[in-house]
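Single-letter residue listing:
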Amino acid sequence: MNNIKENLALPVGTTLDRFIMRKQEDFPYATGELSQLLRDIALAAKIVNRAINHAGLTDIGGAYGKQNVQGEEQQKLDVVANIRFIRALRNGGEVCTIISEEEDEVIQTGNLKGKYIVAIDPLDGSSNIDVNVSIGTIFSIYRRISELGTEGTIEDCFQKGTEQVAAGYIIYGSSTMLVYTTGNGVNGFTYETSLGEFFLSHPNITTPKNGSIYSVNEGGYNYFPEAIKDYIELCRVRNYAARYIGSLVADFHRNLLKGGIYMYPNTLKSPGGKLRLLYECNALSFIVEQAGGKASDGRQRILEIQPSDLHQRCTFYIGSKEMVEEVESLLVARPVRNTQLV
Ligand SMILES: O=P(O)(O)OC[C@H]1O[C@](O)(COP(=O)(O)O)[C@@H](O)[C@@H]1O
Ligand SMILES: [Mg+2]
Ligand SMILES: [Mg+2]
């Protein structure tokens, strides 16, 4: 009898669907397309989550045997996730054009009446795919500026991060979560596999103004700008915790909740930085700002960078406001000299 009572006492949280509906009511002129688009992304996330969970039992682990436009070896799960998200966005009907890390060119979905553009990193943290470490998906959503009834244009795709109408990520970790913003705060939902539903578990996420975690791949230390070496030295002197998973989504998520800074400076291998503006940096920058944090390339706000290439990279400093500001001030004091990178 007790476990029935216990069971019935278990609160049934707010499902993502219900939350989206409630939020839509906040916008009297909302027509439901963005809500539907968020649901389409959540559906694809559930399918990709299942594929990831079963990767060890099926033959979709390992390399795919092709390179993407970045010259990176594609993993089979990169390709599976790419196909699943593109299919869900195409079938959903709300998206006219997609930019994906795994596609050289933009994808026109054929939904000429689709009002939205989506930029997506279908599988983030590819180096951690086969070793059971948290990985993710990152997405940015823009309203098209071109005329309805036509294909999306390159102008639609090169909007600044400030023009995002929504952004988010899915983290496939010890639990699977979807975290997103539409410009009214950040909310996190945990996936309940047996019910197949995302439930609101982290309402109104805010990030601490300061923290004591720093995340950077120190393997590239010798080629970091002097200012970043100075900052790492400060972190060491202050006995901050060095935490680096190697999956941007996972490092970002931890620092978002606990306070901290993630840095991907210029390195010898990536003189312009490694991470991609359109489908990695813009989305996380929108989220961190909505949570009270900051994101910069060391000189300017990431969201103010004018895109000019689908796969352009940038240096990336993101996290607790005071930590990012300290890095910016060190970089102003000791600007990056190009000679440092040769
Ligand atoms: O191995 P490095 O140079 O530290 O780079 C790790 C970074 O590269 C990434 O794996 C790049 O993303 P993808 O896996 O989507 O290509 C980030 O997730 C991660 O933070
Ligand atoms: Mg990535
Ligand atoms: Mg990726």
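The structure presented is a predicted model; accordingly, all values stated were derived computationally and were not measured.

S.K.: Sorry if this is basic, but what is going on with helix α8 (residues 277–290) here?
M.R.: Along an α-helix, residues three or four apart share an orientation, since each turn contains 3.6 residues. Taking burial as the measure, the 14 residues of α8 include 12 buried ones, the bulk of the element. The complete set of buried residues in α8 reads Leu-277, Leu-278, Tyr-279, Glu-280, Cys-281, Asn-282, Ala-283, Leu-284, Ser-285, Phe-286, Ile-287 and Val-288. Gly-292 sits one or two residues past α8 and shows a positive phi near 95°.

S.K.: When you look at the packing of aromatic side chains in this model, what are you seeing that I'm missing?
M.R.: Centre distance and the angle of the planes are the two values used to describe a pair of aromatic rings. Enumeration over the complete set of coordinates arrives at eight aromatic pairs. With a centroid separation of 4.9 Å and 40° between ring planes, the pair formed by Tyr-191 and Phe-198 is classed as tilted. The same class applies to Tyr-191 as to Phe-198, namely buried. Relative to Phe-316, the ring of Tyr-262 has its centre 6.4 Å away and its plane inclined at 65°; by these criteria the two rings are edge-to-face. With Tyr-262 in strand β13 (residues 261–264) and Phe-316 in strand β17 (residues 316–319), this residue pair connects regions lying 54 residues apart in the sequence. Phe-316 matches Tyr-262 in its accessibility class, with the two residues each being buried. Through a chain of ring-to-ring contacts, three or more aromatic side chains come together here, namely Phe-19, Tyr-180 and Phe-189.

S.K.: Hey, could you run me through the UniProt feature "binding site: Mg(2+) 2" (unreviewed entry) in the protein chain in this one?
M.R.: As annotated in UniProt, the feature "binding site: Mg(2+) 2" (unreviewed entry) corresponds to Asp-121, Asp-124 and Glu-280 in the numbering used here. The greatest C-alpha distance among the residues just named is 8.6 Å, despite their covering 160 residues of sequence, which places them together in space. On the secondary structure map, Asp-121 appears in strand β5 (residues 116–124). Since its relative accessible area comes to 0%, Asp-121 is described here as buried. Residues within four places of Glu-280 in sequence aside, it is in contact with Asp-121, Asp-124, Ile-138, Leu-248 and Leu-275.

S.K.: How do you make sense of the UniProt feature "binding site: Mg(2+) 1" (unreviewed entry) in the protein chain when you look at a structure like this?
M.R.: Look at the UniProt record and you will see "binding site: Mg(2+) 1" (unreviewed entry) annotated at Glu-101, Asp-121 and Leu-123. Despite a sequence span of 23 residues, these residues sit close together in the fold, their greatest C-alpha distance being 8.8 Å. If sequence neighbours within four positions are ignored, Asp-121 has contacts with Glu-101, Gly-136, Thr-137, Ile-138, Tyr-279 and Glu-280. Of note, Leu-123 is situated in strand β5. Given the relative accessible area of 1%, Leu-123 is considered buried. Not counting the four nearest positions on each side in its chain, Leu-123 is found in contact with Ile-52, Leu-77, Asp-78, Ala-81, Glu-101, Ile-129, Ile-135, Gly-136 and Tyr-172.

S.K.: Is there a simple way to think about the coordination of the magnesium ion (ligand 2) in this case?
M.R.: Each donor-metal-donor angle in an ideal tetrahedron of four donors is 109.5 degrees, and each such angle in an ideal octahedron of six donors is either 90 or 180 degrees. Looking at the magnesium ion (ligand 2), the protein donor atoms are Asp-121 (OD), Asp-124 (OD) and Glu-280 (OE), and they sit 1.9 to 2.1 Å from it. Here the donor residues of the magnesium ion (ligand 2) share one chain and are spaced in sequence as D-x2-D-x155-E. In this structure the magnesium ion (ligand 3) is found 3.7 Å away from the magnesium ion (ligand 2), and Asp-121 serves as a bridging donor for the pair. Each of the two residues, Asp-121 as well as Asp-124, counts as buried.

S.K.: I'm lost on the site of ligand 1 in this one. Help?
M.R.: Neighbouring ligand 1 are 17 residues, the closest being Asp-124, Ser-126, Asn-217, Tyr-244 and Tyr-264. With respect to ligand 1, the side chain of Glu-101 contributes an N or O atom lying 2.9 Å from an oxygen atom. Side-chain polar atom of Tyr-262 to an oxygen atom of ligand 1: 3.0 Å apart, as the coordinates give it. Coverage of ligand 1 by the protein amounts to 89% of the 470 Å² it exposes when considered alone. For the shell around ligand 1, the secondary-structure elements that each account for two or more residues are β5 and β13. For the shell around ligand 1, the element with the most residues is β5, which contributes three residues. Of the residues belonging to the shell around ligand 1, the class tally is five nonpolar, five polar and seven charged. Each of domain 1 (11–202) and domain 2 (213–333) contributes no fewer than three residues to the shell around ligand 1.

S.K.: Would you mind showing me how to read the domain arrangement of the protein chain here?
M.R.: How large an interface is tends to be reported as the accessible area lost when its parts come together. Here the domain parsing of the protein chain yields domain 1 (11–202) and domain 2 (213–333). Centre-to-centre, using C-alpha coordinates, domain 1 lies 23 Å away from domain 2. Taken together, the contact between domain 1 and domain 2 spans 50 residues of the former and 33 residues of the latter. Buried area between domain 1 and domain 2, summed over both chains or domains, comes out near 3000 Å², and the portion from carbon and sulfur atoms is 63%. Taken as a group, Phe-158, Lys-160 and Tyr-169 account for 21% of the area that domain 1 buries against domain 2, more than any other trio of residues on that side. Counting every contact that joins domain 1 to domain 2 gives three salt bridges. For the salt bridge of Glu-304 with Lys-160, the shortest nitrogen-to-oxygen distance reads 3.5 Å. Along the contact surface separating domain 1 from domain 2 lie 21 residue pairs in polar contact (both at pLDDT 80 or more).

About the criteria used
- Residues numbered from 1 in each chain as written.
- Chains lettered and ligands numbered in written order.
- Predicted model: local features only at pLDDT ≥ 70, side-chain atom pairs only at ≥ 80, totals over all residues.
- Heavy atoms only, no water.
- Buried < 20%, exposed > 50% of the residue type's maximum accessible area, 1.4 Å probe, protein only.
- Helix = DSSP H or I, 4+ residues; strand = E, 2+ residues; numbered from the N terminus.
- Phe/Tyr/Trp six-rings, centres within 6.5 Å; stacked < 30°, edge-to-face > 60°.
- UniProt positions renumbered as here; feature names shortened; annotations may be inferred.
- Contact = heavy atoms within 4.5 Å.
- Donors = N, O, S within 2.8 Å, 3.2 Å for Na, K, Ca; no water.
- Near = heavy atom within 4 Å.
- Polar contact = N/O pair within 3.5 Å; in protein donor to acceptor, adjacent residues only side chain to side chain.
- Areas by Shrake-Rupley, 256 points an atom, 1.4 Å probe, with all protein chains shown as cover.
- Nonpolar A, V, L, I, M, F, W, Y, C, P; charged D, E, K, R; others polar.
- Domains from an automatic or database assignment.
- Buried area = accessible area lost by both parts, 1.4 Å probe.
- Salt bridge = Lys/Arg side-chain N within 4 Å of Asp/Glu carboxyl O.

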